[in-house]
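Residue-level structural notes
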Amino acid sequence: MGHDSGVGVLDKASLLLSVLETGPASLRRIVATTGLTRPTAHRLALALEHLRLLTRDTRGRFVLGPRLGEMAVEAHGDWMLASAAVILPELRDRVGADVRLFRRHGDRQVCVAGAEASTVLSQRVATGAAFPLTAGSVAQVLLAWEEPVQLYEALRTARFSAATLAGVRRRGWAQSVGEWGAGSATVTAPVRGPSGQVVAALSLSGPVGWLSRDPGREYGTVVLDAAIQLSAGPHA
């Protein structure tokens, strides 16, 4: 937070955004952390909210907004997204459930592509939407193969354990129930880059009544196969 651009309003906005990198914050916390006056912090927060760089959670706290995730998506338009445009709809049509591709952006998981199933219970997630890396099968996959130091830091706020992630590494996929709301189930597998590092997570989600309460048993291999296709490069 000590880097100054020389443009006062930009430095203050950057200071405010840096507070939210660690999670939601009330206006009171923003003021206390940044040292900005309450009127200045409030004016900046409202302006950033208007630009969709900030939004509010259900408790009225400020959080990083969807535009940040959308810009990350635009900055990474590459072979993976070209392949996803083919592979995600194929998997959706095969299983009849929502399919989404997520990338890690700091301590957030950002949806970079999706193919929604036409079901009443489908939980819509817009491209560019960002969520904390604290729960669910997507977070587990994006963190499971991290270096020990980064993994330790992530587990301090996660609602899953190191043992859970060891199971993900052993199976090659993760599953969760209730991630996108009551009655939903997900199965997620890693997408790897050229050197084998995990660069994204491919996730299948749908009603528990359709995917079951143990969705990985039936769909883990299917999702993993599709993730391997994405890892292979441009889809013919």
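Provided above is the structure to which this section pertains.
All values derive from a computational prediction rather than experimental measurement.

**Remarks on the overall build of the protein chain**
- Across its full length, the protein chain carries 10 helices and eight strands.
- At a minimum sequence separation of 6, the contacts of the protein chain that also span at least 24 residues come to 53%.
- Roughly 12,100 Å² of accessible area belongs to the protein chain as shown, and the carbon and sulfur atoms make up 56% of that amount.

**Thoughts on the pairing of strand 7 (residues 184–192)**
- With eight of nine residues buried, strand 7 is to be regarded as a mostly interior element.
- Pairing between strand 6 (residues 174–177) and strand 7: four bridges, direction antiparallel. Considered in strand 7, the bridge of A174 is made with T188.
- Hairpin connection of strand 7 to strand 8 (residues 198–207): five residues between the antiparallel strands, including G196 at a positive phi of 95 degrees.

**Here we look at unusual backbone geometry**
- Despite not being glycine, R52 shows a phi value in the positive range, around 65 degrees.
- For R52, the position within the fold is in the loop between helix 3 (38–50) and strand 1 (54–56).
- With a phi close to 80 degrees, S212 is a non-glycine residue in the positive phi region.
- We classify S212 as partly exposed; its relative accessible area is 27%.

**Things to note about the nonpolar core**
- Ranked by size, the top nonpolar core spans 30 residues in total, and within it L88, L101, L202, L204 and L230 carry the most contacts.
- The leading source of residues in this core is helix 5 (residues 79–95), at seven residues.
- Residues C111, L142, L151 and A154 belong to the second largest nonpolar core, which totals 19 residues.

**Things to note about the packing of aromatic side chains**
- Counted under the stated rule, the structure contains zero aromatic pairs.
- Over the face of the ring belonging to W173 we find R171, whose NZ or CZ atom lies 4.6 Å from the ring centre.
- The cationic tip of R192 hangs over the ring face of W145; the distance from NZ or CZ to the ring centre is 4.8 Å.

**Looking at the packing of helix 5 against helix 10 (residues 215–231)**
- At their nearest, the axes of helix 5 and helix 10 sit 9 Å apart, and the two run at 155 degrees to each other. With respect to each other, helix 5 and helix 10 are oriented roughly antiparallel. When you trace helix 5 past helix 10, the crossing you get is right-handed. The residues of helix 10 that touch helix 5, namely those facing W79, M80, S83, A84, I87, L88, L91, R94 and V95, are Y219, V222, A226, Q229, L230 and S231.
- Partitioning the contact of helix 5 with helix 10 into residue classes produces 11 nonpolar, three polar and one charged.

**Describing the sheet that holds strand 3 (residues 98–105)**
- Spatial strand order, 5-4-3-8-7-6: six strands in an open sheet with antiparallel pairing. Whereas interior strands pair on both sides, the edge strands pair on one side only; in this sheet they are strand 5 (130–132) and strand 6. When the angles between neighbouring strand axes are averaged without regard to direction, this sheet yields 30 degrees.
- Here three bridges tie strand 4 (residues 108–115) to strand 5, and the two strands are oriented antiparallel to one another. Among the inter-strand pairings, V110 is bridged to a residue of strand 5, identified as A130.
- Contacts between helix 10 and the sheet are confined to strand 3, strand 6, strand 7 and strand 8, with strand 7 contributing the most and set at about 30 degrees to the helix.

**As for helix 1 (residues 8–20)**
- Compared with an ideal rise of 1.5 Å per residue, which puts 13 residues at 18 Å, helix 1 spans 19 Å between its outermost C-alpha atoms and is within 8% of the ideal.
- What helix 1 keeps buried is the set D11, A13, L15, L16, S18, V19 and L20.
- Structurally, helix 1 contributes buried residues whose contacts are with helix 2 (27–34), helix 3, strand 1 and strand 2 (62–64).

**Quick word on the pattern of salt bridges**
- Counted under the stated rule, the structure contains seven salt bridges.
- When the shortest N-O distance is used, the salt bridge between R92 and D93 registers 3.0 Å.
- Residues R100 and D98 are paired through a salt bridge, measuring 3.1 Å at the closest nitrogen-oxygen approach. As far as burial versus exposure is concerned, R100 and D98 are alike and both buried.

Rules behind the numbers
- Residues numbered from 1 in each chain as written.
- Predicted model: local features only at pLDDT ≥ 70, side-chain atom pairs only at ≥ 80, totals over all residues.
- Heavy atoms only, no water.
- Helix = DSSP H or I, 4+ residues; strand = E, 2+ residues; numbered from the N terminus.
- Contact = heavy atoms within 4.5 Å.
- Areas by Shrake-Rupley, 256 points an atom, 1.4 Å probe, with all protein chains shown as cover.
- Buried < 20%, exposed > 50% of the residue type's maximum accessible area, 1.4 Å probe, protein only.
- Pairing = 2+ DSSP bridges.
- Core = buried A, V, L, I, M, F, W, Y, C linked by side-chain atoms within 4.5 Å.
- Phe/Tyr/Trp six-rings, centres within 6.5 Å; stacked < 30°, edge-to-face > 60°.
- Lys NZ or Arg CZ within 6 Å of the ring centre and 35° of its normal.
- Axes fitted to C-alpha atoms, helices over the stretch in contact; angles between N-to-C directions.
- Parallel < 35°, antiparallel > 145°, perpendicular 65-115°, else oblique.
- Left-handed = near helix turned anticlockwise from the far one by under 90°.
- Nonpolar A, V, L, I, M, F, W, Y, C, P; charged D, E, K, R; others polar.
- Expected span 1.5 Å × (residues − 1).
- Salt bridge = Lys/Arg side-chain N within 4 Å of Asp/Glu carboxyl O.

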